[in-house]
Structures are given as C-alpha cells and as structure tokens.
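So you can see what is in the structure, the chains are spelled out below.
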Amino acid sequence: MSRDWRAMSTLTASRPRPGIRPAVAVRMIIKTISLLIFTWLFVWPLGMLVYGAFNSSPLSGNRTWTLAGFQRVLADPDTFGSLGATMVYSVAITILSMAVAIFFATVTTRMDVPFRRMITPVMVVLVAMPTVLYSLSWAMLGAGPAGMINGFLDAIGLDSLAAAFTTRSWFGLVLVTVLKASALAYMIVLGAFRNQNSALEEAARISGASRMRSFMGIELPALLPALGAASLFIFVKGLEAFETPAVLGQPAGIEVYATHIYDYLRGGYEADYSAASASSLVIVLILALLVLAQLKLTGGGRTYTSVGGRSKGAALRKPGKWTAAVVAVTLLYFFVALVLPIIQVVLS
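Every value quoted in this text rests on a predicted model; they were computed, and no experiment measured them. (Residues numbered from 1 in each chain as written. Predicted model: local features only at pLDDT ≥ 70, side-chain atom pairs only at ≥ 80, totals over all residues. Heavy atoms only, no water.)

Helix and strand counts for the chain come out as 16 helices and zero strands. Out of the 348 residues belonging to the chain, those deemed buried represent 36%. A separation of at least 24 residues holds for 75% of the contacts in the chain among residues at least 6 apart in sequence. Accessible area of the chain: about 20700 Å², with a carbon and sulfur share of 69%. (Helix = DSSP H or I, 4+ residues; strand = E, 2+ residues; numbered from the N terminus. Buried < 20%, exposed > 50% of the residue type's maximum accessible area, 1.4 Å probe, protein only. Contact = heavy atoms within 4.5 Å. Areas by Shrake-Rupley, 256 points an atom, 1.4 Å probe, with all protein chains shown as cover.)

If you walk through the whole model with that rule in mind, you get five aromatic pairs. An angle of 50° between the planes, with centres 4.8 Å apart, marks the rings of Phe104 and Tyr333 as tilted. Highlighted residues: Phe104 in helix α4 (residues 77-110) and Tyr333 in helix α16 (residues 323-347), separated in sequence by 229 residues. Here the two residues Phe104 and Tyr333 agree in accessibility, since each one is buried. Among the aromatic side chains, those forming a connected cluster through ring pairs are Phe103, Phe104 and Tyr333. (Phe/Tyr/Trp six-rings, centres within 6.5 Å; stacked < 30°, edge-to-face > 60°.)

Two residues of an α-helix separated by three or four positions point the same way, owing to the 3.6 residues in each turn. Taken residue by residue, helix α6 (residues 131-141) has Tyr134, Ser135, Ser137, Trp138, Ala139 and Leu141 as its buried positions. The inward-facing, buried residues of α6 contact α5 (119-128), α7 (148-155), α9 (170-195), α13 (243-249) and α16.

The nonpolar side chains of a soluble globular protein tend to be buried, and buried together. Counting 50 residues, the largest nonpolar core has Met123, Leu126, Tyr134, Trp138, Tyr186, Val189 and Tyr333 as its most contacted members. Of all the elements in the fold, those that place two or more residues in this core are α4, α5, α6, α7, α9, α12 (224-240), α13 and α16. Here this core gets 12 residues from one element, more than from any other, and that element is α9. Excluding residues that lie within four positions of it along the chain, Val189 makes contacts with Met98, Ala101, Ala105, Ala226, Leu227 and Ala230. (Core = buried A, V, L, I, M, F, W, Y, C linked by side-chain atoms within 4.5 Å.)

In this section: helix α2 (residues 22-53). Between the first and last C-alpha of α2 there are 45 Å, a value that for 32 residues agrees with the 46 Å anticipated at 1.5 Å per step. At Thr39, α2 shows its maximal bend, which comes to roughly 40°. (Expected span 1.5 Å × (residues − 1). Bend = angle between axes of the 7 residues up to and from the residue.)

Moving on, we get to the packing of α6 against α9. Relative orientation of the contacting elements α6 and α9 amounts to 140°, with a least axis distance of 11 Å. For the element pair α6 / α9, the angle class is oblique. Both α6 and α9 take part in a crossing whose hand is right-handed. Residues Thr131, Tyr134 and Trp138 of α6 form the contact with α9, whose own contacting residues are Leu175, Val176, Leu179 and Lys180. Along the lines of polarity and charge, the residues of the contact of α6 with α9 split into five nonpolar, one polar and one charged. (Axes fitted to C-alpha atoms, helices over the stretch in contact; angles between N-to-C directions. Parallel < 35°, antiparallel > 145°, perpendicular 65-115°, else oblique. Left-handed = near helix turned anticlockwise from the far one by under 90°. Nonpolar A, V, L, I, M, F, W, Y, C, P; charged D, E, K, R; others polar.)

The backbone phi angle of Phe115 is positive, close to 65°, even though this residue is not glycine. With respect to the helices and strands, the residue Phe115 is situated in the loop between α4 and α5.

Looking at the chain as a whole, the pLDDT averages 80, with 80% of positions reaching at least 70. Ranking the helices and strands of the chain by mean pLDDT puts α5 first, with 93, and helix α1 (residues 2-14) last, with 52. (pLDDT = per-residue confidence, 0-100.)

Right, let's get into the packing of α9 against α12. At a closest axis distance of 9 Å, the pairing of α9 and α12 adopts a crossing angle of 160°. Classified by the angle between their axes, α9 and α12 sit roughly antiparallel to one another. In this structure, α9 meets α12 at a crossing whose hand is right-handed. Every residue of α12 that contacts α9 at Ala181, Leu184, Ala185, Ile188, Val189, Ala192 and Phe193 is listed here: Ala226, Leu227, Ala230, Phe233, Ile234 and Lys237. Residue composition of the contact of α9 with α12, grouped by class: 12 nonpolar, no polar and one charged.

Inspection of the secondary structure puts Ser169 in the loop between α8 (159-164) and α9. If near-sequence neighbours (up to four positions away) are discounted, Ser169 is found in contact with Leu248, Ala252 and Ile254.

On to the pattern of salt bridges. For the structure on display, the rule yields one salt bridge. Across the salt bridge formed by Glu240 and Lys237, the nearest N and O atoms sit 3.9 Å from each other. Here the residue Glu240 and the residue Lys237 both occupy positions in helix α12, the gap between them amounting to three residues, near one helical turn. Residue Glu240 is classed as partly exposed on the basis of its relative accessible area of 44%. (Salt bridge = Lys/Arg side-chain N within 4 Å of Asp/Glu carboxyl O.)

Bringing a nonpolar patch on the surface into the picture now. A grouping of Ile29, Ile33, Leu35, Ile37, Phe38, Trp40, Leu41, Phe42, Val43, Trp44 and Met48 is seen on the molecular surface, where their side chains present a nonpolar patch of about 1200 Å² in accessible area. In this structure, Phe38 sits in helix α2. (Patch = residues over 30% accessible without salt bridge, like charges linked within 9 Å, V, L, I, M, F, W, Y side chains within 5 Å.)

Right under this line is the structure:
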C-alpha cells in the first residue's frame, strides 16, 4: 500500500503544470502593444499639453507651476473672437458638407444616372490630396487680377464680379473647406447608404408615400446614427482646421482658434508655450463634451439595426426629368472640386 502511495505521489509531482496557451499569449501581446501605442499617441501628448499649460516655461530649466498661461489667454481680446469665428466656421462647413455628402451618396446608391460610378473615385482623390496643396491651389485660382477664375470672369464680360471675387475671404474659406470636407463625409456615410434595407422604402411606397416623403421620413431617420457620427467628425475637423484658414483666412484678417494658438508660438525663443497649451486645452474640453453628447444621443455607443425580412440594397432608379440636373451638378462638382485645383497646380 505504501509503495502504491509513493508511486502515485511521484506521478502527481512529475505531472507538468499547464502553461499559457499560444493563442492567449498572442492576444496578451497584441493588447500590450495596442496599449503602448495608445499611450504614446494619445495619453502622452495630452499629458504634455496639461503639463505645459500649468508651467511658466515648459521647455526651459527655470519653470514653475503657475496659472499665468490661462490668465493671458482669458485676458487676450482675440481669444473669444477667434473661438466664436471657429464655431461659426465649423457649423457652416458641417451643414454644407453633410448636404453635399448626402446628395452624392444618394446618387451613388439609388440613382441610375451617367457618371455615377465616378463619384467614389473622385472623392477618394479629394480625401487623399494634401490640404496645404489644395488650399494653395485655390489661393492662386482666386488671387485677384492674377487668378485664373478672375481672368475667366473678366473674359466673359463680368468685370465687376471679377474685380470683387477672391478666395481669400469668408466665402473662399468656407467653399474650399466644404469641397474637401464633403468628400470625407461622403466616404463615412457611403457604407450606411449602401447597406440600408430597401424593404423600408418598399413598405413606405406600398403605404402610399411618395419617393421624397419615403426618403425624408423613413430612410434618412434610419441613417441618423451614421449621419450624426459623420457630422461630429466634420465639426471636429472644423475646430482643428489650420492649413486652409492660414492660407485663405489670415490674409483677409480672418482668425480662427487654430491660427490664434499658432500666434502664441511665432515668437521664436519668446514663444508663449504656456498660453498655447492652455488655449489647446479649451479645444480638448470642447471635444470631450461633444463625444459625451454623441454617446448620450446614441445610447452609449450601442449598435443599430433594422428589424425585417432579408436585407437587400436599394434598387437603382432613374430620376426622370431631374436626370439632366443631377448629371450637371455632378460634373460641376467634379470640375470645381478636382479639375480646377489640379490645372492650377500643373500650371504653377
């Protein structure tokens, strides 16, 4: 009996302990790497921003903890003016960009018209085009008497309009931003438009609703989560926009919040990093409030789906008497948003 007990003890002691499975180890490594990347890209810059806002001179050895940066920002008369201009600018480009994006997403997914398949490639090119290059091309296109657009207007006899037209203005700033931001909004909402169940429209049509009423009363409300996310993204892009306001806005005396922050940093060795960091925290606070509001409106990030039969995409239909108008608007957008800037870049 004792021998059997000793033999069992030996077998039990020599049995290898279970180790970490390879799949679990790989997941742990991926999570660790993701956490390190998140810390490096988001947590560390935000921490340095907070550190710089509460230091007298964060890049020098004689730094002290202080609130002087916030005091200078609040005492600066341009702070609230530039912040108000940024809010107006962001709201304007969000509304106009979403309108353009909804129009072209509808044309792509629901209308059988010529050039429909070219919309997505054009939008991809617009999104990929560098913002600085795009803004500079438009600055030259509407550069007064030397601008290509001004020369064209003068050639067709619109002398007064040619003399008044300039892209270095509120009109030019909003126009150029919307042309590029609408492409980004289109790419965000396109998937939702393509995946929408056509049974919603069919049910509305069977109930006697017109196509317009079906689209405005049934289809668009079902797309609100995607439209809300795209609107929030474009609004945030307006808050942080720097290149286009710097190229087209500052020459006309238009100061948005991003260029206002840059003004604190243009002093070389006398740059006010403390005030610039404190100003940047205002944008961070606004972004945090916007994200919380978006989560509140969408139920904390829950997913949405429509309940019904087998899902299928919306059928393409011809817009009838509006076909020529839709094609004209599409080609005009192609020419103004993409062809004109490329011609100007090549010529310059």
